[in-house]
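Residues per chain, in single letters:
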Amino acid sequence: MIIKKLWHLGEQATQRIPKRFTVIVPFLTDTNRETYTASSIVWYYTQLHRLQPAEQTILDLLRDRLPTMKMLDIGIGGGRTTQHFAPLAGEYTGIDYSATMVAACKKRFAKSLQPLALEVGDAREMSQFADNSFDFILFSFNGIDYASVSDRLQILAEIARVGKPGSYFFFSSHNLQAMISEFDWKSKVSFNPFKTYVNLVMLALLNLYNSKITRDQLETSNHLIIKDESHNFRLQTYYIRPKKQIEQLSLSFKDIEIYSWKSGLKVVDMQDLLTNSDKWLYYLCLIK
Ligand SMILES: C[S@@+](CC[C@H](N)C(=O)[O-])C[C@H]1O[C@@H](n2cnc3c(N)ncnc32)[C@H](O)[C@@H]1O
C-alpha cells in the first residue's frame, strides 16, 4: 500500500513538476498559501494536539508571566498552540492567512468560555495591530518558512513593530545543516530492507523536486528554498543556517537563544550550533 502510494507520488511528480519549481526560486508564489487552504491539509492540522518539546520549554519558562501578557499567535493552523497558550495568556489573539484554517480553529474552540480573537491575518502586513501591542509573539512550527526571502524580512520587521520593546518573539525555522544528510543516500540505508527501499524512493523524489540544487549549494549557501517531503512536496520551504538566522534577527532582536525542537534544550555552545543537524530549531529573542 505504502509502496503503491510512493510510486503514484513519483509518477505524479514526473508528470506534474513544472520547470519553474525545479530552480532555486528567490521568491515564492502563493502556492504555499493555497496548500494551507486545502481541506485535507486543514484537517491534518486540526488533529494535532501536543506541544513540541521546545514549545513546552518556553511555555514553562513564561507560565507565571503569561497571565499578564498580551499574546499574538501567528499561523495558528488548526489551533494546536491555541489549546495550550490561550488559557494561560492574559489576552490571546491568533491569526492565520488561511481563512479555512481560521474557520477550523474557530470551530475547534467554539465552546471555549474564554474570549478568543481568532482572525484571518497575514504576518507580512499586520496593519490591524498598532505599534507596541504585544508582550509575546509566537510563530510556531516553521510557519515563517513559507514566505519568500524578502517577505520573511518584512515579517520580522512587522513582528518587531507590533511587539513592545523588550517583549518576546519565539519561532522555529528549518535548519539547512540538516539537509546535507537528507540528500545523502548513505544516510538512507538501514538493516531493514523495506525501510531502505522507502527511504531511497523518498530520496529519489527529493532529488527530482530539487534537481537544480547542488551539493556545493547545500554545503555553502546561507539559505535555500527546498521542496521537502512535507505535504507530498507541495510546499516551497525556506531553510536557513542557524548562524545566518542569528544575523538576520540581530537587526531588530536581541538576546537570541536557540532550542532544539526535539529535546527542548537550549543549544549553548557555538560549535554545537555550527554542526547542529536538527531538522528545525526554535529561536527565542527579545524585541529591541
Ligand atoms: C506548519 S503550519 C503550523 C500550524 C500550527 N501553528 C501548528 O503548529 O500546528 C504553518 C501555518 O502558518 C500559516 N502561515 C504561513 N505563512 C503565514 C503568514 N504569512 N501569515 C499568517 N499565517 C501564515 C499557514 O497557513 C499554516 O497554518
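Scroll up a little and you will see the structure.
Conventions we followed
Here the residue index of a chain counts from 1 through its sequence in written order. Per-residue local features of the predicted model are confined to residues with pLDDT of at least 70, and side-chain atom pairs are confined, for both listing and counting, to 80 or more; whole-chain, interface and lining totals are unaffected and use all residues. Only DSSP runs of H or I with at least four residues qualify as helices, and only runs of E with at least two residues qualify as strands; both kinds are numbered from the N terminus onward. With C-beta atoms placed from the backbone, a residue counts as buried when 20 or more other C-beta atoms lie within 10 Å of its own, as exposed when 12 or fewer do, and as partly exposed for counts between those limits. Two residues qualify as being in contact provided that their C-beta atoms, derived from the backbone, are within 7 Å of each other. By definition, the arc is the one covered by directions from the helix axis to the C-beta atoms. Put simply, a nonpolar core is a cluster of buried Ala, Val, Leu, Ile, Met, Phe, Trp, Tyr and Cys residues tied together by C-beta atoms within 7 Å. Residue proximity rests on one test: whether the C-beta atom, placed from the backbone, lies within 6 Å of the molecule or strand. Polar here means any residue other than Ala, Val, Leu, Ile, Met, Phe, Trp, Tyr, Cys and Pro, which are nonpolar, and Asp, Glu, Lys and Arg, which are charged; Gly is therefore polar. The rule for pairing is simple: two strands pair if DSSP sees at least two bridges between them. With its strands directed away from the observer, a crossover is right-handed exactly when the path from the first strand over the helix to the second travels clockwise. Angles run from 0 to 180 degrees between N-to-C directions of axes, and those axes are lines fitted to C-alpha atoms, restricted for helices to the stretch in contact. By convention, the crossing between two helices is left-handed when the near helix turns anticlockwise from the far helix through less than a right angle, and right-handed when the turn is clockwise.

## What about the overall build of the protein?
So, point 1. Check the secondary structure of the protein and you find twelve helices and nine strands.
So, point 2. Relative to its 288 residues, the protein shows a buried fraction of 38%.
So, point 3. Across the protein, every contact between residues at least 6 apart in sequence was considered, and the portion connecting residues at least 24 apart equals 70%.

## Re helix H3 (residues 39-46)
Owing to its 3.6 residues per turn, the α-helix brings residues three or four apart onto one side.
So, point 1. For H3, the complete set of buried residues consists of Ile 41, Val 42 and Tyr 45. Down the axis of H3, the smallest arc covering the buried residues is 100 degrees, so these residues share one side. Opposite the buried face of H3, at more than 90 degrees from it, the exposed residues are Ser 39, Ser 40 and Trp 43.

## Considerations on the environment of Met 101
So, point 1. As for its placement among the helices and strands, Met 101 is situated in helix H6 (residues 99-108).
So, point 2. Note on Met 101: 25 C-beta atoms within 10 Å, which makes it buried.
So, point 3. Once the C-alpha coordinates of Met 101 and Gly 78 are considered, the two residues, 23 residues apart in sequence, prove to be 5.7 Å apart.
So, point 4. Each residue touching Met 101, except ones within four places of it in the same chain, is listed here: Tyr 36, Val 42, Tyr 45, Ile 76, Gly 77, Gly 78 and Asp 96.

## Things to note about the nonpolar core
Soluble globular proteins: nonpolar side chains tend toward being buried together.
So, point 1. Judged by nonpolar contacts, the single largest core of 53 residues is most densely connected at Met 71, Ile 137, Leu 138 and Phe 169.
So, point 2. If one sorts the elements of this core by residue count, strand E9 (residues 280-287) sits on top with seven residues.
So, point 3. Apart from residues lying up to four places away in sequence, Ile 137 is in contact with Leu 72, Ile 74, Ile 159, Gly 163, Tyr 168 and Phe 169.
So, point 4. Within the second largest apolar cluster, nine residues are counted, among which are Leu 176, Ile 213, Leu 218 and Ile 225.

## Things to note about the site of the ligand
So, point 1. Lining the immediate environment of the ligand, one finds 24 residues, of which Tyr 36, Gly 75, Gly 77, Phe 141 and Gly 143 sit closest.
So, point 2. Counting only elements with at least two residues in the shell around the ligand, the list comes to helix H5 (80-85) and strand E2 (91-96).
So, point 3. A class-by-class count of the residues in the shell around the ligand yields twelve nonpolar, eight polar and four charged.

## Structural notes on the pairing of strand E4 (residues 134-139)
Note on strand geometry: in a regular strand, side chains alternate between the two faces of the sheet.
So, point 1. Burial within E4 is extensive, with six of its six residues counted as buried.
So, point 2. Pairing geometry for strand E1 (residues 70-74) and E4, over four bridges, is parallel. Note that in E4 the partner of Asp 73 across the bridge is Leu 138.
So, point 3. Here E4 runs beside strand E5 (residues 163-175); their pairing, made up of five bridges, is parallel. Bridge assignment links Leu 138 to a residue of E5, and that residue is Phe 170.
So, point 4. Handedness of the crossover joining E4 and E5 through helix H7 (residues 149-162) is recorded here as right-handed.

## A short note on unusual backbone geometry
So, point 1. In this structure, Asn 142 is a non-glycine residue whose phi angle is positive, near 65 degrees.
So, point 2. Within the secondary structure, Asn 142 sits in the loop between E4 and H7.
So, point 3. A positive phi angle, near 55 degrees, is found at Asn 232, a position not held by glycine.
So, point 4. Inspection of the secondary structure assignment puts Asn 232 in the loop between strand E6 (223-226) and strand E7 (237-240).
So, point 5. With 15 C-beta atoms packed within 10 Å, Asn 232 lands in the partly exposed category.

## Some points on the pairing of strand E3 (residues 117-120)
So, point 1. Both E2 and E3 contribute to a ladder of four bridges, which runs parallel. Paired with Ile 95 across the bridge in E3 is Glu 119.
So, point 2. Remark: the E2/H6/E3 crossover connection has right-handed handedness.

## What to know about the environment of Asp 122
So, point 1. Structurally, Asp 122 is set in the loop between E3 and E4.
So, point 2. The class of Asp 122 is partly exposed, set by 19 C-beta atoms lying within 10 Å.
So, point 3. When the C-alpha positions of Asp 122 and Gly 75 are compared, they lie 8.5 Å apart, and in sequence the two are 47 residues distant.

## Points about the packing of H3 against H6
So, point 1. Two elements in contact, H3 and H6, have axes whose closest approach is 10 Å; the angle formed by their N-to-C orientations is 40 degrees. The chirality of how H3 crosses H6 is right-handed. Two secondary-structure elements touch here, H3 through Ser 39, Val 42, Tyr 45 and Thr 46 and H6 through Thr 100, Met 101, Ala 104 and Arg 108.
So, point 2. In terms of residue class, the contact of H3 with H6 is built from four nonpolar, three polar and one charged.

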